[in-house]
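Architecture and fold: a report
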Protein chains: 2
Amino acid sequence: MVSKQALEEQIKAQGDLVRKLKAAKESKEKIDEEVAKLLELKAELSNTNEDGSTALANQKFTLKTPKGTRDFSPQQMALRNAVLGKIISVFKKHGAETIDTPVFELKEVLTGKYGEDSKLIYDLKDQGGEILSLRYDLTVPFARYLAMNKITNIKRYHIAKVYRRDNPSILRGRYREFYQCDFDIAGTYDPMIPDAECVRIVFEILNVLEMPSFVIKLNHRKLLDGMFEACGVPATSFRAICSAVDKLDKSPWDEVRKEMIEEKGLSEATADKIGEYVQLNGKADLVEKLLADEKLSKNKSAVEGLEAMKLLLKYCNIYGTTDKILFDLSLARGLDYYTGVIYEAVLLGDGASSSEEVSVGSVAGGGRYDDLAGMFDPKGRQVPCVGVSIGVERLFAVMEARQAAEKIRTTETEVYVATAQKNLHEERMQLCAELWAAGFKVEHSYKKNPKLLQQLQHCEEYGIPLALILGESEIKNGVVKLRNVTTREEVEITRSKLADEIRQRLQGGCRNGL
Amino acid sequence: MVSKQALEEQIKAQGDLVRKLKAAKESKEKIDEEVAKLLELKAELSNTNEDGSTALANQKFTLKTPKGTRDFSPQQMALRNAVLGKIISVFKKHGAETIDTPVFELKEVLTGKYGEDSKLIYDLKDQGGEILSLRYDLTVPFARYLAMNKITNIKRYHIAKVYRRDNPSILRGRYREFYQCDFDIAGTYDPMIPDAECVRIVFEILNVLEMPSFVIKLNHRKLLDGMFEACGVPATSFRAICSAVDKLDKSPWDEVRKEMIEEKGLSEATADKIGEYVQLNGKADLVEKLLADEKLSKNKSAVEGLEAMKLLLKYCNIYGTTDKILFDLSLARGLDYYTGVIYEAVLLGDGASSSEEVSVGSVAGGGRYDDLAGMFDPKGRQVPCVGVSIGVERLFAVMEARQAAEKIRTTETEVYVATAQKNLHEERMQLCAELWAAGFKVEHSYKKNPKLLQQLQHCEEYGIPLALILGESEIKNGVVKLRNVTTREEVEITRSKLADEIRQRLQGGCRNGL
């Protein structure tokens, strides 16, 4: 670190430089740059003591995390890690590998992938070198990874944070830094076999997290396009109309219809025809009905989409997910890059009858995107992909609300070593060392002479099941007092048998008494 | 997404605006800003098809990750997760919780914490709003977390990526994005009890990772300061001389001596006195020798440091780490904020005698920093901290080199369901669904009619222990052929007994034959 005096000299020299540049009428950029350096030096000076060390306790700014971000406490992390562990176990049940990519990408990699939302991308400052942006999702980096490494098939999951300069709505659980949790199958395979497994994975994840009631909505982009065409939407407006349909989960049909007519330029007749279709939902019977529909049965894209849905529903039946799926023509998904099946899983409220059920929001979504990896390949070689993104932030929120009542453990400590009298801390440390060497998870107080009550309270607060209590008489007799923290029962154990006794009690679930 | 036509209209309007601004001789900044928007629109146009969808295969830039960063393949991730899992198990053995903080902080939080290295901080672009920087380490965010949440005691680990705009030396394993893995104990406790546990944790981690030979070097900042004072170094130069001493692990004494004299302004006599001390290393005997040293015994700070070392070495003895520690007066650590004990663990080479042992670099480092959290508290309230940072990137590299020969599994799949004839894919899917429901980790081919050889090769490539083979005769007879992939032995199993049979073989370690 630079001494105060050295800093003062640097500031003087920098001030001289700025004055010289101004006198020479140098460019504003050049002058601004040197003025910025001067201000930095001055800020550093105000934070520096005489001996060059950094001054303490003179932070003048508000202590906070950046807008739309937050810290996670041990309680939150314990819950998050438990939830992620369950989700990962499902991915592993289906043979998935995992990869990781950098938190930032060359800005060009992200350019042109997110349509209007590109304005939400975080850019890094140009500090000389490459122009970088923080990743906006995990799908585009995945496609870049496939193309760059010339990978033509992989089944991978990726759990990592992504960044969006959105207006955070903390109340609705939306943040600028949040986890995404993606599972994707890349490769050239037979129709709907990987697609049906993605549905099964969403089904298993929502079951393993004990979500009481949910539905996985399914639709197909080719059917949507064919339906739009059959209703008279011009081809150039397919994506715009698709975006409008996507709003049906939040807005009533009247509003969406208005948008289609007033903003997207559809005729009333065309909008009304669309309106009839997007009200439809069902299962295999609906596919048959639509295959017989006068307009759709004449449209190539619609028939392709319907045949694909028929196959998907058959496979869903084999995979045992039929009860939870719904073929829903109003499902459109916001992203442009989908080319086939699209999914969205929605949690349902506690309403008794199905008509009263209230959607509490999407907790998973995805679909097939066969063209994205090809965008990165110099020769446009495509790698067909299908995948699903688990809305873990929303699931965390649901689990947090559910577990608010019960206390979740933030540590895994099995044994707490306590002392009952003063000046026994070295005996305590000796016992800890023995138990660590035997493989146990062990803690003790970092104070030499803590009060016994405080030590036992620590056990209760952190849910540590067993306490060992050492006093002078125990040490003299070669024994330890073993206390079940929950039942408060205590027994004396010979030191030589201690490890076995602890192991036995932990295996037996020591909360059920000694 | 906007249609091509709409884009062309926007470009025309933007072009008109730029011409108008130029005609009106508006400021260069204003004009540049609008020109930039124009260029962005043009870039978007060149990526857009007639229907508004994004054009494929026209990426003109080199496909790469940003300088100094990299992707991690499934193989690398499998190894990393295995190593991190072992490290986390040690942290949990010592009762640690975990927390997380955002990847970026307000720039002010990082200002004045890293001395000369502040120039390596990544800044985010000012897109309106707060001025942000990517985190440079996990220690400063931890101190900010403590102060902001008014936490006075916590024992936590934090594993996350940090960012430094260093010149990456990929060969030496240095990157701009890399993991840090920190364990810290914050709280007001009795001397050296938490400090000795940090040493024990480093000791356990290097043991659990089966590092064959290592040493944990210990020193104390108060002893260093006292020694500098006793040698005649002016107080304003303590930190600068400390930085010079820190280079002794890479540079010979002659060079460090030269730096002290020529750059840091010490007299030759003072430098030579320091040179005598920094050659010393040993264990408890060295503490006694230095407590009797004529110069040091008269220096308050040195005596405090030596008494602290004496206590630490005593506790290390209780904790069973004595064999692996070395009290080393040349250990200085680069960071300014240490106030007490400092640690550094170094792997040793395979040289037979200790004099031939070659240091292959630091794999853990840390120390006590009692003042850092107070820097963030408006009233300067301090939270004493001691901690250690595990050099996981270097440990990953060591483990990668070690495991290069053996193949590491990237999935956990237990059973692969194969078919021996065509058109049995629905039977295969049915069997997968049954096994998933029974809790097994199961895969099958996503092709309708894969070749049996290819299916079995997939099992061998991914180390899947069991394959189930379905053919028409098996289906007719209600049996499945169960194949041990390693031994290639096959037996027929009745469908109703299949789950039990698989479970038995997996528990028995089915690699040892059926």
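Residues numbered from 1 in each chain as written. Chains lettered and ligands numbered in written order. Predicted model: local features only at pLDDT ≥ 70, side-chain atom pairs only at ≥ 80, totals over all residues. Heavy atoms only, no water.

Named according to an unreviewed UniProt entry, chain A is histidine--tRNA ligase originating from Callosobruchus maculatus. Per UniProt, the comment on chain A under Sequence similarities (unreviewed entry) is "Belongs to the class-II aminoacyl-tRNA synthetase family." Its UniProt record, at the heading Catalytic activity (unreviewed entry), says of chain A: "tRNA(His) + L-histidine + ATP = L-histidyl-tRNA(His) + AMP + diphosphate + H(+)". (UniProt positions renumbered as here; feature names shortened; annotations may be inferred.)

Thoughts on the overall build of chain A
Within chain A one finds 17 helices and 16 strands. Relative to the 2.2 N^0.38 estimate, which gives 24 Å for 514 residues, the radius of gyration of chain A is 31 Å and therefore markedly larger than a compact globule would have. Over its C-alpha atoms, taken along the principal directions, chain A stretches across nearly 95 × 80 × 45 Å. Long-range contacts, defined as pairs at least 24 residues apart, comprise 67% of the intrachain contacts of chain A with a sequence gap of at least 6. Just so you have it, chain A exposes about 22,600 Å², and 49% of that area is on carbon and sulfur atoms. Taking the average location of the 75 positive side-chain charges in chain A and that of its 78 negative ones, the two points are 3 Å from each other. (Helix = DSSP H or I, 4+ residues; strand = E, 2+ residues; numbered from the N terminus. Rg over C-alpha atoms; globule rule 2.2 N^0.38 Å. Contact = heavy atoms within 4.5 Å. Areas by Shrake-Rupley, 256 points an atom, 1.4 Å probe, with all protein chains shown as cover. Lys, Arg positive; Asp, Glu negative; His and termini not counted. Charge placed at Lys NZ, Arg CZ, Asp CG, Glu CD.)

Focus: the packing of aromatic side chains
According to the stated counting rule, one finds 22 aromatic pairs over all chains in the structure shown. Here Phe-91 of chain A and Phe-183 of chain A contribute two aromatic rings whose centre-to-centre distance is 5.5 Å and whose plane-to-plane angle is 15°, an arrangement assigned as stacked. A residue pair is termed long-range when its members are at least 10 positions apart, and Phe-91 of chain A in helix H3 (residues 74–93) and Phe-183 of chain A in strand E5 (residues 177–186) qualify at 92 residues. On the basis of relative accessible area, Phe-91 of chain A is assigned to the buried category, the value being 0%. Residue classification places Phe-183 of chain A among the buried residues on the basis of a relative accessible area of 0%. Between the aromatic rings of Phe-228 of chain B and Phe-238 of chain B, the centroid separation amounts to 6.1 Å while the plane-to-plane angle is 50°, which identifies the pairing as tilted. (Phe/Tyr/Trp six-rings, centres within 6.5 Å; stacked < 30°, edge-to-face > 60°. Buried < 20%, exposed > 50% of the residue type's maximum accessible area, 1.4 Å probe, protein only.)

Points about the nonpolar core
Grouped together as the largest cluster of nonpolar side chains are 264 residues, with contacts concentrated most on Ile-274 and Ile-390 of chain A together with Ile-274 and Ile-390 of chain B. Leaving out residues up to four positions away in the same chain, Ile-274 of chain A has contacts with Met-227, Phe-228, Cys-231, Val-233, Ile-241, Val-245, Trp-253, Met-260 and Leu-266 of chain A. (Core = buried A, V, L, I, M, F, W, Y, C linked by side-chain atoms within 4.5 Å.)

Topic: the state of the cysteines
All names here are of chain A. Throughout the structure, instances matching the rule amount to zero disulfides over all chains. Free of any disulfide, Cys-198 has its nearest cysteine sulfur in Cys-385, 10 Å distant. Taking relative accessible area as the criterion, Cys-198 reaches 1% and is therefore assigned buried. No disulfide involves Cys-316; its sulfur sits 10 Å from that of Cys-198, the nearest cysteine. (Disulfide = S-S within 2.5 Å.)

A closer look at the interface of chain A and chain B
Across the contact, 115 residues belong to chain A and 113 residues belong to chain B. Between chain A and chain B, the buried area comes to about 10,400 Å², and carbon and sulfur atoms account for 58% of it. Between chain A and chain B we count 14 salt bridges in total. Between Lys-92 of chain B and Glu-412 of chain A there is a salt bridge, with the nearest N and O atoms lying 2.9 Å from each other. Between the two partners, chain A and chain B, sit 46 residue pairs in polar contact (both at pLDDT 80 or more). Sorting elements by how many residues they give to the side of chain A that touches chain B places helix H14 (residues 425–437) of chain A first, with seven residues. Each residue belonging to the side of chain A that touches chain B can be placed in one class, and the counts come to 47 nonpolar, 30 polar and 38 charged. (Buried area = accessible area lost by both parts, 1.4 Å probe. Salt bridge = Lys/Arg side-chain N within 4 Å of Asp/Glu carboxyl O. Polar contact = N/O pair within 3.5 Å; in protein donor to acceptor, adjacent residues only side chain to side chain. Nonpolar A, V, L, I, M, F, W, Y, C, P; charged D, E, K, R; others polar.)

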